[in-house]
There are 2 protein chains.
Amino acid sequence: MITRTQVQEAQRHAAALLDHVGIHLTDQERANIEIAEFGLGELARTGLELVVYVNTDRYCAKELVLFPRQTCPEHRHPPVGNDPGKMETFRCRWGKVWLYVEGDAAADVQAQVPAGSEPYYTVFHEIELLPGGQYTIPPNTLHWFQAGDEGAIVSEFSSTSRDEFDIFTDPRIKRIPEIAEGR
Amino acid sequence: MITRTQVQEAQRHAAALLDHVGIHLTDQERANIEIAEFGLGELARTGLELVVYVNTDRYCAKELVLFPRQTCPEHRHPPVGNDPGKMETFRCRWGKVWLYVEGDAAADVQAQVPAGSEPYYTVFHEIELLPGGQYTIPPNTLHWFQAGDEGAIVSEFSSTSRDEFDIFTDPRIKRIPEIAEGR
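None of these values were measured; they are calculated from a predicted model.

Another aspect to go through is the state of the cysteines. All names here are of chain B. In the structure shown here, the tally under the stated rule is zero disulfides over all chains. Left unpaired, cysteine 72 is separated from the closest cysteine sulfur, that of cysteine 60, by 14 Å. Judged by its relative accessible area of 3%, cysteine 72 falls in the buried class. No disulfide involves cysteine 92; its nearest neighbouring cysteine sulfur is the one of cysteine 72, lying 15 Å away.

This part takes up the interface of chain A and chain B. Between chain A and chain B, the contact holds 30 residues from the first and 30 residues from the second. Buried area between chain A and chain B, both sides added, is near 2,200 Å², and the carbon and sulfur share of it is 52%. When residues of chain A are sorted by the area they lose upon contact with chain B, A:Arg58, A:Tyr59 and A:Arg93 head the list and together hold 32% of the total. Inspection of the chain A/chain B interface yields six salt bridges. Between B:Glu63 and A:Arg93 there is a salt bridge; the shortest N-O distance is 3.3 Å.

For the coordinates displayed, the defined rule picks out 15 aromatic pairs over all chains. Here the aromatic rings of A:Phe124 and A:Trp144 are separated by 6.0 Å at their centres, their planes lie at 80°, and the arrangement is edge-to-face. One end of the pair, A:Phe124, is in the loop between β5 (88–101) and β6 (125–129); the other, A:Trp144, is in strand β8 (residues 143–158), and 20 residues separate them in sequence. Here A:Trp144 falls in the buried class, since its relative accessible area comes to 0%. With centroids separated by 6.5 Å and ring planes inclined at 65°, the aromatic side chains of B:Tyr100 and B:Phe124 adopt a geometry described as edge-to-face. With B:Tyr100 in strand β5 (residues 88–101) and B:Phe124 in the loop between β5 and β6 (125–129), the pair connects residues that are 24 residues apart, well separated along the chain. With relative accessibility at 22%, the residue B:Phe124 sits in the partly exposed group. A connected cluster of aromatic rings, assembled from ring pairs, spans A:Tyr53, A:Phe157, B:Tyr53 and B:Phe157.

This paragraph deals with the relation of the copies chain A and chain B. For the pair chain A and chain B, the relating rotation is 180°, the translation along its axis is 0.0 Å, and the fit reaches an RMSD of 0.0 Å. When the rotation and shift are considered jointly, the pair of chain copies conforms to a two-fold rotation axis. Within chain A, A:Tyr59 has its C-alpha nearest the rotation axis, a separation of 2.8 Å.

Turning to the side chain of B:Glu29, a few remarks are in order. Following the sequence through the fold, B:Glu29 ends up in helix α2 (residues 27–31). With a relative accessible area of 15%, B:Glu29 lands in the buried category. If we skip the residues at most four places from it in the chain, B:Glu29 touches A:Arg91, A:Gly132, A:Gln134, B:His24, B:Val51 and B:Tyr53.

Before going further, it helps to examine the layout of surface pockets. Estimates place the volume of the largest pocket at around 270 Å³. Around the largest pocket sit 16 residues that line it, and A:Asp57, A:Arg58, B:Asp57, B:Arg58 and B:Ser159 are the ones nearest its centre. Grouping the constituent residues of the lining of the largest pocket by class yields two nonpolar, six polar and eight charged.

Attention shifts here to the confidence of the model for chain A. Averaged over every residue, the pLDDT of chain A is 95; the share at 70 or more is 96%. Scored by ipTM, the complex comes to 0.94, with pTM at 0.95.

What counts and how
- Residues numbered from 1 in each chain as written.
- Chains lettered and ligands numbered in written order.
- Predicted model: local features only at pLDDT ≥ 70, side-chain atom pairs only at ≥ 80, totals over all residues.
- Heavy atoms only, no water.
- Disulfide = S-S within 2.5 Å.
- Buried < 20%, exposed > 50% of the residue type's maximum accessible area, 1.4 Å probe, protein only.
- Contact = heavy atoms within 4.5 Å.
- Buried area = accessible area lost by both parts, 1.4 Å probe.
- Salt bridge = Lys/Arg side-chain N within 4 Å of Asp/Glu carboxyl O.
- Phe/Tyr/Trp six-rings, centres within 6.5 Å; stacked < 30°, edge-to-face > 60°.
- Helix = DSSP H or I, 4+ residues; strand = E, 2+ residues; numbered from the N terminus.
- Least-squares fit on C-alpha atoms with pLDDT ≥ 70 in both.
- 1 Å grid on protein atoms, 1.4 Å probe; cavity = no way out; pocket = protein on both sides within 12 Å on 5 of 7 lines; lining within 4 Å.
- Points joined across faces, edges and corners; volume = space filled by probe spheres on them.
- Nonpolar A, V, L, I, M, F, W, Y, C, P; charged D, E, K, R; others polar.
- pLDDT = per-residue confidence, 0-100.

Structure below.
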């Protein structure tokens with residue numbers, strides 16, 4: 001649960017970061033920045049800010065904003081009908097992000113799993129992305145990511161996005177956030 | 001026909017423009033910037049500089065660089081097998097670009113059709129894109145575009161890119177450039 005005020009504050013923060021790195025948004029895009037808090041009530045720790053540029057039945061492009069050490073929790077994009085599942089390419093534009101996917105676990109994992117959520121982080125093959133770095137995640141592959149100490153901006157290029165079908169490891173997570181009435 | 005020296009000069013120019021607006025490339029990407037001169041031997045007027053970030057069988061993402069008043073000539077992306085043709089979304093990141101597609105012609109076309117190529121520009125429905133502006137071109141639709149006086153940087157999000165199937169209105173055009181031997 002997140003209040004309207006918290007959403008607006010996060011939108012302003014994300015818009016300021018995008019401005020700072022020279023990524024221009026329209027007024028409408030700025031007003032519609034999506035704040036994903038995943039239902040855990042700890043946006044600063046587990047959350048993600050998104051600008052969806054385009055999402056057609058063939059491809060999708062978004063800008064992802066992560067605040068310092070903010071984490072997008074572990075999930076996968078399963079097959080849906082004839083679609084083998086969303087395939088996505090992350091390209092770091094600013095800051096630093098650690099991406100974790102299935103595979104050999106890193107000896108020293110640089111991200112910090114959000115306290116209290118340890119059981120729901122199960123893949124630890126680490127990819128560090130700095131500006132200009134990119135990585136493509138195959139469909140139906142578990143992954144999660146966390147920004148470094150400054151935060152991060154990541155461009156996501158992908159097949160069609162159908163967020164409502166995402167499967168999160170943590171059963172407490174709701175992808176579509178509930179916003180509290182009033183303030 | 002273009003010389004190796006001209007290619008390298010255009011690559012340096014395009015890389016400098018991307019740097020200027022804060023778009024980071026890897027050394028390998030910088031060395032591989034694609035210079036499309038379309039076989040007309042007038043790169044400054046008719047040409048395009050491209051960084052292909054990713055091109056899978058599902059989606060593609062590129063950065064397009066246009067020098068001042070440089071024009072990407074009229075073409076369309078036809079159906080190929082089961083693919084209805086490439087669908088693409090242009091998002092202006094920096095500068096200004098005039099995009100022309102099929103539809104009602106503008107009363108005052110702002111771009112200048114490259115001299116000597118007038119017969120090969122046939123669509124004049126004008127869309128002006130400034131930073132943050134974007135437009136999605138349906139498959140198999142004739143289009144061309146030209147940068148304003150400062151040049152432009154445009155992100156292209158699309159379905160799979162198969163440049164070799166592009167159909168240009170100008171029969172003189174070769175999409176895959178020939179590079180002169182030696183210098």
